[in-house]
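# Descriptive analysis of the structure
Below are the chains, spelled out letter by letter.
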Amino acid sequence: MTDTTSNKMWGGRFAAGPDAIMEAINASISFDQRMAAQDIAGSRAHAAMLAAQDIISDSDADAIRKGLLTVLSEIEGGTFAYSTALEDIHMNVEARLKEVIGEPAGRLHTGRSRNDQVATDFKLWTRDQFDAAESGLLALIKALLGQAKAGADWVMPGFTHLQTAQPVTWGHHMMAYVEMFGRDLSRMRDARARMNESPLGAAALAGTSFPIDRDMTAQALGFDRPAANSLDAVSDRDFALEFLSAASICAMHLSRFAEELVIWSSAQFRFVTLSDRFSTGSSIMPQKKNPDAAELIRAKIGRIMGANVALMMVMKGLPLAYSKDMQEDKEQVFDAADNLMLALAAMEGMVKDMSANRESLAAAAGSGFSTATDLADWLVRVLGLPFRDAHHITGSLVALAEQNGCDLPDLTLEQMQSAHGDITADVFDVLGVENSVNSRMSYGGTAPAQVRAQVARWKGIIG
Ligand code: ARG
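Now for a look at the structure at hand. (Residues numbered from 1 in each chain as written. Predicted model: local features only at pLDDT ≥ 70, side-chain atom pairs only at ≥ 80, totals over all residues. Heavy atoms only, no water.)

## A few points about the side chain of R214
Position of R214 relative to the elements: it lies in helix α8 (residues 214-220). No salt bridge is formed by the buried R214; the nearest opposite charge belongs to D116, separated by 6.8 Å. One polar contact links the side chain of R214 to the main-chain carbonyl oxygen of S198, over a distance of 2.7 Å. Once residues within four sequence positions are removed from consideration, R214 is found in contact with S198, P199, L200, G201, A202, P226 and A227. (Helix = DSSP H or I, 4+ residues; strand = E, 2+ residues; numbered from the N terminus. Buried < 20%, exposed > 50% of the residue type's maximum accessible area, 1.4 Å probe, protein only. Lys, Arg positive; Asp, Glu negative; His and termini not counted. Salt bridge = Lys/Arg side-chain N within 4 Å of Asp/Glu carboxyl O. Polar contact = N/O pair within 3.5 Å; in protein donor to acceptor, adjacent residues only side chain to side chain. Contact = heavy atoms within 4.5 Å.)

Put into structure tokens, the structure is as follows:
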């Protein structure tokens, strides 16, 4: 290598250094520096294995492993000078290691390539995000269980088409989200278990002729086993796509709940009061208390699903094995992970702090003919009518109540009997909202006893 402007790591066959634009499009150091700790952990494991296999000397491996810790402390202390000319975190760390320990640094890259190195670093980074998502989801589920337990028997309207449908309980509604976030948790756990195979030692794409021990490095880095095909190991980004996909579904669930909180906290609904800690004011309208956190959580799906689509498109049609296209994987996952964790934490905080307005919920639960189905069911159960006839009779009573500007329980017995002569005063028992929810004892139904059983089941699951 005679030309000092060509790259130190791969410039042997190059006479000239890269154009500035080439350097700009090629470099990833501005973002992949977030994987510095993973890169150094991977290199330390690799060096220890090279020595254990007598591929490099113990003294070289010791120098490398100690030197890498020095580099790590410089990075953590903010004194490390990143260089765009050195492209990425892998070459930045190795170049600095050379300055710190000299010649032994050149032996670190034996039996390894940046292709298995980056796959390893990125897997380690993404694995931490599966764990962070798991913690965030568990904390949110706990907060929801707190709400569900307190309000297991608070009645509220249940909706379909956002029209009043049947009364439900606050606890039941909270537990619906526990089920959703519980599935998100299990998706994160499934994907984490599937991705936990080590790419290290796949080298550039074909493996290596050095007698490396891939089990040793896999174990040192907390992987369950080495990935079984070197071509696949360097070109697989399924783990990132699975993270983004699970994150997108979770963000979708968050957006649905956030939307309900936005609606429920409005002056028109008044179902919940969000805490001051999770609301903002308006600079012009003094009366305003805005649900900004909920709105932003509602919006996060945009960038998270965007990242999922973006990486899927990057990977689509790529031939085996590594292609530089894959450098475009990291920013998507970084951004999606940051925003998912923030959204989960914000939702947990909002749920812990919010208070349901029991009276507003109860008042709304009783309006909008919410017990019409209970009336129809009573006609079937007590008078033995076919459900379709009962539905028709109930519909005519709803119309009558509407004409009179009242709700079903406000109709007189005579008015009831105008629709069917056999109706007795007992019918009024089922028109009460409390009776309605208490009667829905089918498994998974809204009755407070069912809700309490589900809260207990979930407490057992998450500990
Ligand atoms: N910065 C690269 C990336 O993120 C590292 C791998 C480079 N490999 C290569 N053959 N040029 O993908």
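Picking up where we left off.
## A closer look at the site of the ligand
Lining the immediate surroundings of the ligand are S28, D88, H90, R114, N115, V118, Y322, K324, Q327 and K330. Measuring from a nitrogen atom of the ligand, one finds a side-chain N or O atom of D88 at 3.0 Å. Relative to its unbound accessible surface of 340 Å², the ligand loses 86% to contact with the protein. Looking at the shell around the ligand element by element, the count peaks at three residues for helix α6 (residues 114-150). A per-class count over the shell around the ligand returns two nonpolar, four polar and four charged. (Near = heavy atom within 4 Å. Areas by Shrake-Rupley, 256 points an atom, 1.4 Å probe, with all protein chains shown as cover. Nonpolar A, V, L, I, M, F, W, Y, C, P; charged D, E, K, R; others polar.)

## Looking at a nonpolar patch on the surface
A contiguous nonpolar surface patch, about 360 Å² in accessible area, is contributed by M305, V309, M312 and M313. Topologically, M312 is positioned in helix α11 (residues 292-315). Residue M312 is classed as partly exposed on the basis of its relative accessible area, which comes to 41%. (Patch = residues over 30% accessible without salt bridge, like charges linked within 9 Å, V, L, I, M, F, W, Y side chains within 5 Å.)

## Brief notes about the pairing of strand β1 (residues 155-160)
Direction of pairing for β1 relative to strand β2 (residues 163-169): antiparallel, over a ladder of six bridges. Of the residues in β2, the one forming a bridge with M156 is V168. Linking two consecutive strands that pair antiparallel, namely β1 and β2, is a turn of two residues; a positive phi of about 60° is found at H161 within it. (Pairing = 2+ DSSP bridges.)

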